[in-house]
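Summary of the model geometry
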Amino acid sequence: MVRPLLWLALLCAALAFSTCAAGLRLELTHVDAKENCTTKERMRRATERTHRRLASMAGGEASAPVHWNESQYIAEYLIGDPPQQAAAIIDTGSNLIWTQCSTCRAAGCFSQNLSFYDPSRSRTAKPVACNDTACALGSETRCARDNKACAVLTGYGAGVIGGVLGTEVFTFGQSENVSLAFGCITASRLTPGSLDGASGIIGLGRGKLSLPSQLGDNRFSYCLTPYFSDAANTSRLFVGASAGLSSGPPVTSVPFLKNPDVDPFDTFYYLPLTGITVGTAKLAVPAAAFDLREVAPAKWAGTLIDSGSPFTSLVDVAYQALRDELVRQLGASVVPPPAEAEGLDLCVGAAHGDTGKLVPPLVLHFGSGSGSGDGDVVVPPENYWAPVDDTTACLVVFSTGGPNSTLPLNETTIIGNYMQQDMQLLYDLQQGVLSIQPADCSSV
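Structural notes, computed from the coordinates. Please read these numbers as outputs of a predicted model, since none were measured by experiment.

Calculation rules
Residues numbered from 1 in each chain as written. Predicted model: local features only at pLDDT ≥ 70, side-chain atom pairs only at ≥ 80, totals over all residues. Heavy atoms only, no water. Helix = DSSP H or I, 4+ residues; strand = E, 2+ residues; numbered from the N terminus. Buried < 20%, exposed > 50% of the residue type's maximum accessible area, 1.4 Å probe, protein only. Contact = heavy atoms within 4.5 Å. Areas by Shrake-Rupley, 256 points an atom, 1.4 Å probe, with all protein chains shown as cover. Pairing = 2+ DSSP bridges. Core = buried A, V, L, I, M, F, W, Y, C linked by side-chain atoms within 4.5 Å. Domains from an automatic or database assignment. Disulfide = S-S within 2.5 Å. Salt bridge = Lys/Arg side-chain N within 4 Å of Asp/Glu carboxyl O. Expected span 1.5 Å × (residues − 1). Arc of directions from axis to C-beta.

A short note on the overall build of the protein
- From N to C terminus, the protein includes six helices and 32 strands.
- The buried share of the protein, taken over its 444 residues, is 56%.
- Counted over contacts in the protein with a minimum sequence separation of 6, partners at least 24 positions apart contribute 70%.
- Entry remark: accessible area of the protein is about 17700 Å², with carbon and sulfur atoms responsible for 53%.

Here it is as structure tokens:
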């Protein structure tokens, strides 16, 4: 059997002028946009996802490596020959590409909107053997008990999945075809609704089984359209040569920190956050609160950016400082949270679209940054406040602390995708740099 990575190299050579040279382009749709949710429903669902993810991270031990994941953006694609439809969550916080298969055990898999992928119907489906190179590429895979097949076993905040590793032809967009190693999942124990009807996940993490790593591409970018926009605009993910930035708006480039060599912390994209400013007031938070550091044996905390987390979560000392400073600056504009704003504790009276007139922008300060912003990323009010009804907007930044929070979560800051709206983010893995540029993502 041709080894998966060699097969991929040969395929890329054959498609040099179509797929691999041009790169991949994936259309992303927000899960709530597909269901025509109202603003109030979107807010409730995103808040529930954030709290559910934080709660699942905070406690319990898993029998498999646990990666932090929560769903929001979905890419549709085709798998196999003849092609079968599938849809996946895009996640920078994990590596494995996987989809549920028709061989799922009875009542052992979650419901999804599309039919399960059936490898027996595909001419290009191939199993990966235990002694194959691909079976040793990550902590998500291992030899099965029979020492013949390559088993998949990995965990997320929402639960655990298991199955076998295989290779298959994937089609992204109109004509982009690539052969990838992926998990054919036959059993799962995930929180109901945690994947919002998707078939699986496409991992964009730093591991060798992620989509960029398998393609041999050292860069990818995405641009997320505003969450509460009435327009049904899709977001976009670019992998390879098609990944880049536009000319015009200023770019801030921030180096990625060197990852610890410990699973799952070797997967994440850690950034050197050093401080936060609200309006013109810099928060009195020590830079060490955001540092990447070992907080317990084999447990690391720091600041990471994550496409799979809805709202941003700060270490508690930073959250409390942010909240106190906003209360001081907003004064009489502060109103009690509406009854439906469960979990939100700072709100202002503002009509939909008027939040920016009351709330100051946020500035994230990064160390060793370069570019016109010199390491500073300006976050507009609309990217860290959200409407909860027609007359009220609330702060949608949370604390990772709390009575049930444990290490390393309570010492970790996570920059979620809501804060990344209308920003073009370019992950240059060869240079080890994240470039951030303001953008109108509906036109990218």
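Picking up after the structure, the text goes on.
A look at the sheet that holds strand β27 (residues 385–389)
- Here four strands make up an open sheet; going across it, the order is β22-β23-β28-β27 and the pairing antiparallel. The open sheet terminates on both sides in strands that have one partner only, identified here as β22 (334–335) and β27.
- Bridge analysis of β27 against strand β28 (residues 392–395) gives four bridges, and the strand direction is antiparallel. The residue bridging Pro387 from the neighbouring strand is Ala393, located in β28.

Side note on the pairing of strand β1 (residues 24–30)
- By the alternation rule, side chains of β1 split into Leu24, Leu26, Leu28 and His30, which are all buried, and Arg25, Glu27 and Thr29, of which none is buried.
- Two elements, β1 and strand β13 (residues 235–239), share five bridges in a ladder whose sense is antiparallel. Bridging from a neighbouring strand, Glu27 pairs with Arg236 of β13.
- When β1 meets strand β3 (residues 73–79), the two strands line up antiparallel, connected through three bridges. Pairing of Leu28 across the sheet is with Ala75, part of β3.

A few points about the nonpolar core
- Of all hydrophobic cores here, the largest spans 69 residues; its most connected members are Ile202, Tyr384 and Trp385.
- The leading source of residues in this core is helix α5 (residues 316–330), at six residues.
- Viewed by domain, this core spans two of them, domain 1 (24–57 + 70–238) and domain 2 (246–438), each represented by three or more residues.
- Excluding residues that lie within four positions of it along the chain, Trp385 makes contacts with Leu326, Leu330, Leu346, Cys347, Val348, Thr355, Val359, Ala393, Cys394, Leu395, Val396 and Tyr418.
- Core analysis: the second largest hydrophobic core is formed by 24 residues, Ile161, Ala181, Leu190 and Ala198 among them.

Quick word on the pairing of strand β11 (residues 200–203)
- The alternating pattern of β11 places Gly200 and Ile202 and Ile201 and Gly203 on opposite faces, both of which are buried.
- Judged from the three bridges that link them, strand β5 (residues 97–100) and β11 form a sheet pairing that is antiparallel. Across the sheet, residue Trp98 finds its bridge partner in β11, namely Ile201.

A word on the state of the cysteines
- Scanning the model with the defined rule gives six disulfides in all.
- Covalently, Cys104 is tied to Cys109 through a disulfide, its sulfur atoms 2.1 Å apart. Residues Cys104 and Cys109 are joined by a disulfide whose S-S torsion is about -80 degrees; by sign, that bridge is left-handed.
- The exposure class assigned to Cys104 is buried, which follows from its relative accessible area of 15%.
- The disulfide that involves Cys347 links it to Cys394, with 2.0 Å between the sulfurs. The sign of the 95 degrees torsion about the S-S bond sets the Cys347-Cys394 disulfide as right-handed. With Cys347 in strand β23 (residues 347–349) and Cys394 in strand β28, this residue pair connects regions lying 47 residues apart in the sequence.

Details of the environment of Thr99
- Tracing the sequence through the fold places Thr99 in strand β5.
- Taking relative accessible area as the criterion, Thr99 reaches 2% and is therefore assigned buried.
- Distance in space between the C-alpha atoms of Thr99 and Ala198 is 8.7 Å, their sequence separation being 99 residues.
- If we skip the residues at most four places from it in the chain, Thr99 touches Tyr77, Ile79, Ala86, Tyr117, Phe182, Gly183, Cys184, Ile185, Ser199 and Gly200.

Topic: the pattern of salt bridges
- By the definition in use, this model includes eight salt bridges.
- Between Arg328 and Glu325 there is a salt bridge whose closest N-O contact spans 2.6 Å. Of this pair, Arg328 and Glu325 both sit in helix α5, separated by three residues, roughly a single helical turn.
- Between Asp354 and Lys357 there is a salt bridge, and its shortest N-O distance comes to 3.4 Å.
- Asp354 gets classed as partly exposed once you look at its relative accessible area, which sits at 27%.
- In this structure, a network of salt bridges that share partners links the residues Arg25, Glu27 and Arg236.

So, α5
- Spanning 15 residues, α5 covers 21 Å between terminal C-alpha atoms, matching the ideal 21 Å at 1.5 Å per step.
- Of the positions making up α5, those classed as buried are Ala318, Tyr319, Ala321, Leu322, Glu325, Leu326 and Leu330. One side of α5 holds all its buried residues, which, seen down the axis, span an arc of 165 degrees.

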